There are 2 protein chains.
Amino acid sequence: MSDTVVIGLDVGGTSTRAAAVTLRGHRVGSGRAGGGNPTSHGAERAADELRAALRAALTEIDPARVRAGAIGLAGAGRLLADPAGRAAFDRAWQDAGLRCPYTVHGDALVAYASGTPDPDGTVLIAGTGAIAAAVRGRRLDRVADGHGWLLGDAGSGFWLGREAVRRLLADLDRARTPGPLASTVLTALLGSAAIAPRPRDTVDALVQVVTRRPPVDLARLAPLVVDAARTGEPVATALIAEAAAHLAESVTRIRPPGAGQPVVLGGGLLTGDTPLAAAVRAEIATRWPDATVRPAGDGAAGAAWLAALDLPEATDPAALHALLVPTP
Amino acid sequence: MSDTVVIGLDVGGTSTRAAAVTLRGHRVGSGRAGGGNPTSHGAERAADELRAALRAALTEIDPARVRAGAIGLAGAGRLLADPAGRAAFDRAWQDAGLRCPYTVHGDALVAYASGTPDPDGTVLIAGTGAIAAAVRGRRLDRVADGHGWLLGDAGSGFWLGREAVRRLLADLDRARTPGPLASTVLTALLGSAAIAPRPRDTVDALVQVVTRRPPVDLARLAPLVVDAARTGEPVATALIAEAAAHLAESVTRIRPPGAGQPVVLGGGLLTGDTPLAAAVRAEIATRWPDATVRPAGDGAAGAAWLAALDLPEATDPAALHALLVPTP
């Protein structure tokens, strides 16, 4: 058993990470490559990044030792439904010298698995977008939000950025002096916190600069809100509270009242010690006082653990989780 | 004085209307042409529609009798700042045989002027977008919202349509049976109110069909909300109330508490006997109990009245308004 190796991959929009681990929890290889989301980058390019990450993770060991693999990625369902995409992933797998089978999972399930071995619970992710999902028997069950910036992603990085601009525009409409957050947003978008003699000219300039870029770029302003909230800036603090309420509302759509199963928090805005994570934890503590809340961990390690569960020697999933998945 | 003719134009996104009237209030010519918004259609094409509407309005009279003209259009400031656009409008004016001067005003001012002769007040417009403006001495003063669908237009037709879809998506996330409004929206977007065995497939289909079109197309769903609200449908009724609160909030940005000056309501969602107009009137009555609320009328006639005010014989603006601008 000590020699058995499993491999896990976390394929994200900006990077692809691979982890090769023994069932005793020794990391025998790690790989990293560029963003490989097949929905945004195309299956062929995603497969290229997959191949690069796999090869990097397998430099120190014989690929024949790998007995199982798992890949987590956004849009897993679409990849599985697309024979050409699936074939491209199969080729990348074989090119890396792997002969074992692999499974493909949604990124939300892999984030969940990186936070808890519990087969049933909830995962909530807030990064550029936002999505909540119920997990049942280690499979994604019902999903809430994840509807994209135009129709949803309430409480996400996009949402925080857009609302920060909207608060600034409201200040200008009211001829109010912008506060600290509004001034930071103004500087980020127009290069200066100065307001034109006719404030409407500044309003028009802001609307133009935002609408000229892809809407999702508004998510780049989210760190300004987070940083301002850390200093207690009132508008930022209110926006963080509102975002947390939106995220908790999404969870209520798919989680029964009073449920005690774990909640895993993932995505750039909820992993680590962020003001939004703290606000979401408070919302969850109010609505589900019996729930344990855990941060998502290393997605590639979570995927490797999901791969290991397919092996006959994986008789104690929780013990294996403790060995394979580092606590964040 | 009876022979003096003025001409007004209301240049909108879908149509251009011209009205030639004597100072006694006799309509001596009307013209209509296609949409002529210079921002969306280009100044040259806008000038072509202007020319066509002018010629149609001047078939029965000698253009030399026209002593003053006024044009109302969205983006008036941009046109005035663009020498080529201004030259195109000058040429259209001369091609129609007109030798008198003309003025250019924002569409919001013309909407205001079509509803009241009062030099000071507020105009609130909700159609595809939404904007509020203070009018001072018959000029647009401060403006609120009008920030476009990505950052604003709160309570507009776009907003109503988007929120209707968001409520439907929330129902599907919660595995709730959609109510009457949600079913209508589902049918409008997917051709049937049937929900897939996995409701998430219907969610994905809705998100795809909406995101494939220009976002502003969501405004096409607004009439479904208005119609449902007329029958008392609860979700539609709540959305109309929320939209009215947003519109009233925009007005508070530019109108002092307790002000008694008139408020003119314009745009497709606020002119006529609509549920949103009724809800907005109620909001205004609560916040500004002394205000008279009037519907916007014929924009071309409002513009003609603004033109007439530039003539020395226009000594009684209110009396002239009663003669020139039909009460809606």
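Given the structure is predicted, the values throughout are model-derived calculations rather than measurements.

1. Quick word on the overall build of chain A
Each helix and strand in chain A was counted, giving 13 helices and ten strands. Rg of the C-alpha trace for chain A: 22 Å, near the compact-globule value of 20 Å for 328 residues, within the 12% margin. Reported as C-alpha extents along the three principal axes, the dimensions of chain A are approximately 70 × 45 × 30 Å. Scored against the burial criterion, the 328 residues of chain A give a buried share of 53%. Pairs at least 24 residues apart make up 65% of the contacts formed inside chain A by residues separated by at least 6 positions. Accessible area for chain A stands at about 13,300 Å²; split by element, carbon and sulfur atoms hold 52% of it. Taking the average location of the 33 positive side-chain charges in chain A and that of its 33 negative ones, the two points are 2 Å from each other.

2. Comments concerning the interface of chain A and chain B
Taken together, the 31 residues of chain A in the interface contact 31 residues of chain B. Interface of chain A and chain B: buried area, both sides summed, is about 2,600 Å²; carbon and sulfur atoms make up 57% of it. The tally of links from chain A across to chain B stands at four salt bridges. Taking the shortest distance from any N to any O, the salt bridge between A:Glu249 and B:Arg174 comes out at 2.8 Å. The tally of links from chain A across to chain B stands at 16 residue pairs in polar contact (both at pLDDT 80 or more).

3. Quick look at the UniProt feature "domain: ATPase BadF/BadG/BcrA/BcrD type" (unreviewed entry) in chain A
Residues annotated by UniProt as "domain: ATPase BadF/BadG/BcrA/BcrD type" (unreviewed entry) correspond here to residues 7-307 of chain A. A distance of 7 Å separates the end C-alpha atoms of residues 7-307 of chain A, which is 45% helix and 20% strand.

4. Focus: the sheet that holds strand S4 (residues 66-73) of chain A
Each strand in a sheet pairs with its neighbour through backbone hydrogen bonds, running either in the same direction (parallel) or in the opposite one (antiparallel). All names here are of chain A. The strand order S3-S2-S1-S4-S5 describes an open sheet built from five strands, whose pairing is mixed. Every other strand in the sheet has two partners, leaving strand S3 (27-34) and strand S5 (102-106) as the edge strands with one partner each. Strand-to-strand twist in this sheet, taken as the mean axis angle between neighbours without regard to direction, amounts to 15°. In the sheet, S4 pairs with S5 via five bridges, with the strands oriented parallel. Across the sheet, Ala70 pairs through a bridge with Thr103, a residue of S5. Lying over the sheet, helix H12 (residues 299-308) contacts strand S1 (5-11), strand S2 (15-22), S3, S4 and S5, oriented at roughly 135° with respect to S1.

5. Some words on the environment of A:Arg32
Residue and element names in this part refer to chain A. Tracing the sequence through the fold places Arg32 in strand S3. In this structure, the C-alpha to C-alpha distance between Arg32 and Thr16, residues 16 residues apart in sequence, is 5.6 Å. The contact partners of Arg32, leaving out residues within four places of it in the chain, are Ser15, Thr16, Arg17, Ala53 and Ala56.

6. With respect to the pairing of strand S8 (residues 139-145) of chain A
Residue and element names in this part refer to chain A. Relative to S8, strand S7 (residues 130-136) is paired through five bridges, and the arrangement is antiparallel. From the neighbouring strand, Ile131 faces S8, where its bridge partner is Asp145. Counting the residues that bridge the hairpin from S7 to S8 gives two residues, and of these Gly137 lies at a positive phi of roughly 60°.

7. Overview of the relation of the copies chain A and chain B
For these two chains of identical sequence, chain A goes onto chain B by a turn of 180° and a shift of 0.0 Å along the axis, with RMSD 0.1 Å. On the angle and the small slide along the axis, the relation comes out as a two-fold axis. Closest to the rotation axis within chain A is the C-alpha of A:Leu150, separated from it by 4.1 Å. Comparing contact sets, 100% of the residues at the interface of chain A also lie at the interface in chain B, consistent with an isologous, same-surface contact.

8. Topic: the packing of aromatic side chains
According to the stated counting rule, one finds five aromatic pairs over all chains in the structure shown. On the numbers, 6.1 Å between centres and 20° between planes, the contact of A:Trp149 with B:Trp149 is stacked. Residue A:Trp149 is found in the loop between S8 and helix H6 (157-173), and its partner B:Trp149 is found in the loop between strand S8 (139-145) and helix H6 (157-173); the two belong to separate chains. Consider the rings of B:Trp93 and B:Tyr102, whose centres lie 4.5 Å apart with planes at 35°: the pair is tilted. B:Tyr102 matches B:Trp93 in its accessibility class, with the two residues each being buried. An aromatic cluster of three or more residues is present, and its members are A:Trp149, A:Phe158, B:Trp149 and B:Phe158.

9. Structural notes on the pattern of salt bridges
Across all of its chains, the model carries 39 salt bridges over all chains by this definition. Among the salt bridges present, the one from A:Asp141 reaches A:Arg136, with a minimum N-O distance of 3.5 Å. What makes A:Asp141 partly exposed here is its relative accessible area of 37%. Put simply, B:Arg200 and B:Asp173 hold a salt bridge, and the shortest N to O gap is 3.5 Å. Here B:Arg200, found in helix H8 (residues 199-212), pairs with B:Asp173, found in helix H6; they are 27 residues apart in sequence, far enough to count as distant. The exposure classification of B:Arg200 matches that of B:Asp173, with both residues buried. Within the structure, one salt-bridge network assembled from shared partners comprises A:Asp173, A:Arg174, A:Arg200, A:Asp204, B:Glu249 and B:Arg253.

10. Thoughts on the packing of H6(B) against helix H10 (residues 234-252) of chain B
Residue and element names in this part refer to chain B. Their axes nearest at 11 Å, the elements H6 and H10 cross at an angle of 140°. As judged from the angle between their axes, H6 and H10 are oblique. Crossing of H6 against H10: the hand is right-handed. Each of Trp159, Leu160, Glu163, Ala164 and Arg167 in H6 lies in contact with H10, whose residues at this interface are Val235, Leu239, Ile240, Glu242, Ala243 and His246.

11. Notes on the packing of H6(A) against helix H7 (residues 180-190) of chain A
All names here are of chain A. Contact geometry of H6 with H7 gives a least axis separation of 9 Å together with a crossing angle of 105°. On the basis of the axis angle, H6 is roughly perpendicular to H7. Of H7, the residues touching H6 (which contributes Ala164, Val165, Leu168 and Asp171) are Leu181, Ala182, Val185, Leu186 and Leu189. For the contact of H6 with H7, the per-class residue count stands at eight nonpolar, no polar and one charged.

12. A short note on the domain arrangement of chain A
All names here are of chain A. Taken domain by domain, chain A comprises domain 1 (5-115 + 297-324) and domain 2 (119-296). A C-alpha centroid distance of 30 Å is found between domain 1 and domain 2. Of the roughly 1,000 Å² buried between domain 1 and domain 2 on both sides combined, carbon and sulfur atoms contribute 74%. On the domain 1 side of the interface with domain 2, the three residues burying the most area are Ala108, Leu109 and Tyr112, jointly 54% of the side's total. Put simply, domain 1 and domain 2 have two residue pairs in polar contact (both at pLDDT 80 or more) between them. For the side of domain 1 that touches domain 2, the element with the highest residue contribution is helix H5 (residues 107-113), accounting for four residues. Tallied by class, residues from the side of domain 1 that touches domain 2 come to eight nonpolar, four polar and no charged.

Procedures and definitions
- Residues numbered from 1 in each chain as written.
- Chains lettered and ligands numbered in written order.
- Predicted model: local features only at pLDDT ≥ 70, side-chain atom pairs only at ≥ 80, totals over all residues.
- Heavy atoms only, no water.
- Helix = DSSP H or I, 4+ residues; strand = E, 2+ residues; numbered from the N terminus.
- Rg over C-alpha atoms; globule rule 2.2 N^0.38 Å.
- Buried < 20%, exposed > 50% of the residue type's maximum accessible area, 1.4 Å probe, protein only.
- Contact = heavy atoms within 4.5 Å.
- Areas by Shrake-Rupley, 256 points an atom, 1.4 Å probe, with all protein chains shown as cover.
- Lys, Arg positive; Asp, Glu negative; His and termini not counted.
- Charge placed at Lys NZ, Arg CZ, Asp CG, Glu CD.
- Buried area = accessible area lost by both parts, 1.4 Å probe.
- Salt bridge = Lys/Arg side-chain N within 4 Å of Asp/Glu carboxyl O.
- Polar contact = N/O pair within 3.5 Å; in protein donor to acceptor, adjacent residues only side chain to side chain.
- UniProt positions renumbered as here; feature names shortened; annotations may be inferred.
- Pairing = 2+ DSSP bridges.
- Axes fitted to C-alpha atoms, helices over the stretch in contact; angles between N-to-C directions.
- Least-squares fit on C-alpha atoms with pLDDT ≥ 70 in both.
- Phe/Tyr/Trp six-rings, centres within 6.5 Å; stacked < 30°, edge-to-face > 60°.
- Parallel < 35°, antiparallel > 145°, perpendicular 65-115°, else oblique.
- Left-handed = near helix turned anticlockwise from the far one by under 90°.
- Nonpolar A, V, L, I, M, F, W, Y, C, P; charged D, E, K, R; others polar.
- Domains from an automatic or database assignment.

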